[in-house]
Amino acid sequence: MITKVQERTLRTSAPPYAGVRLSPLEKAMLRWVTVDDGDRVLDASIGSGAMAEYLRRYMNCEVCGVSDSMEDVREARSRLSSCDIVFAPPSDIPWRGGSFDTVLIKLKWDRDTLMRSLAEARRVLKAGGQLVLGATCCAGAFSRFLGLGADLEASDVPDRRELMAMLDSLSFQNLVWQRTGLGTGVLIGWKRKRDPEELLA
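The rules behind the values
Residues numbered from 1 in each chain as written. Predicted model: local features only at pLDDT ≥ 70, side-chain atom pairs only at ≥ 80, totals over all residues. Heavy atoms only, no water. Axes fitted to C-alpha atoms, helices over the stretch in contact; angles between N-to-C directions. Helix = DSSP H or I, 4+ residues; strand = E, 2+ residues; numbered from the N terminus. Parallel < 35°, antiparallel > 145°, perpendicular 65-115°, else oblique. Left-handed = near helix turned anticlockwise from the far one by under 90°. Contact = heavy atoms within 4.5 Å. Nonpolar A, V, L, I, M, F, W, Y, C, P; charged D, E, K, R; others polar. Phe/Tyr/Trp six-rings, centres within 6.5 Å; stacked < 30°, edge-to-face > 60°. Buried < 20%, exposed > 50% of the residue type's maximum accessible area, 1.4 Å probe, protein only. Pairing = 2+ DSSP bridges. Right-handed = clockwise from strand over helix to strand, strands pointing away.

Undergrad: I'd love a proper account of the packing of helix α5 (residues 111-124) against helix α7 (residues 160-169), names of residues and values included.
TA: Packing of α5 against α7 brings their axes to within 10 Å, and their N-to-C directions diverge by 40°. By the criterion of interaxial angle, the relationship of α5 to α7 is oblique. Note on packing geometry: the crossing formed by α5 with α7 is right-handed. Here Arg111, Leu114, Met115 and Leu118 of α5 lie close against α7, whose contacting residues are Glu162, Leu163, Met166, Leu167 and Ser169. Of the residues assigned to the contact of α5 with α7, the class counts are six nonpolar, one polar and two charged.

Undergrad: Outline the packing of aromatic side chains, listing residues and values.
TA: Scanning the model with the defined rule gives two aromatic pairs in all. Aromatic side chains Tyr54 and Tyr58 sit 5.0 Å apart centroid to centroid with 50° between the ring planes, which places their arrangement in the tilted category. Here Tyr54 pairs with Tyr58, and both are found in helix α3 (residues 50-58), just four residues apart, close to one helical turn. Assessed through its relative accessible area of 26%, Tyr58 is described here as partly exposed. For the ring pair Trp95 and Phe100, a centre distance of 5.4 Å and an interplane angle of 80° mean the geometry is edge-to-face.

Undergrad: Can you lay out the pairing of strand β3 (residues 84-87) for me, pointing to particular residues and giving the numbers?
TA: Here strand β2 (residues 62-67) pairs with β3 via four bridges, running parallel. Residue pairing for β3: Gly65 is matched across the bridge by Ile85. The β-α-β motif built from β2, the intervening helix α4 (residues 70-79) and the parallel element β3 has right-handed crossover chirality.

Undergrad: Provide a residue-level description of the packing of helix α2 (residues 24-32) against α3, including the pertinent values.
TA: Running from N to C, α2 and α3 point in directions that differ by 35°, and their axes come no closer than 10 Å. Both α2 and α3 take part in a crossing whose hand is right-handed. Within the contact between the two elements, α2 uses Glu26, Met29 and Leu30 and α3 uses Ala50, Met51, Tyr54 and Leu55. In terms of residue class, the contact of α2 with α3 is built from six nonpolar, no polar and one charged.

Listed below in structure tokens is the structure:
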């Protein structure tokens, strides 16, 4: 949460990735995530479950996952039998609002689906919770060459400025873009302590 960063009470380095095969983008996301023991973390694009396994094993988090691919759900459940992993679209996350300290998303959808998924991520985050978005930060054709967002058309891949504008429109604050390698970056944002809707109520 935001106060953890300000007070510098979090761990400054993650343990080695021994025993868990992670992509460069997943390693980058884990480098920038802010978690404490016992935090509830949602991987909203769980894939094979490698990132969730790392969080569970080395960062002592309670991890849940969502995927719109039944194959990914089966694979993730096979490696994380004690975690709650569900088959659902990321734009309709089946948890109550304010359920998670952190939400992780790897960009793999078109703009409309991504916007709905980010709105859902905001809904399930606790006030002051962290969103970590792993994304491409290069032109669509080059990102397809690298295998990043390969199933999207070049015109469907939002760039860094668009992603920051999306999070800003959803009232995320303290947005930071970290370039993490050739063609990849991590966008970090924090849900406001109090939502604008709550202030108007």
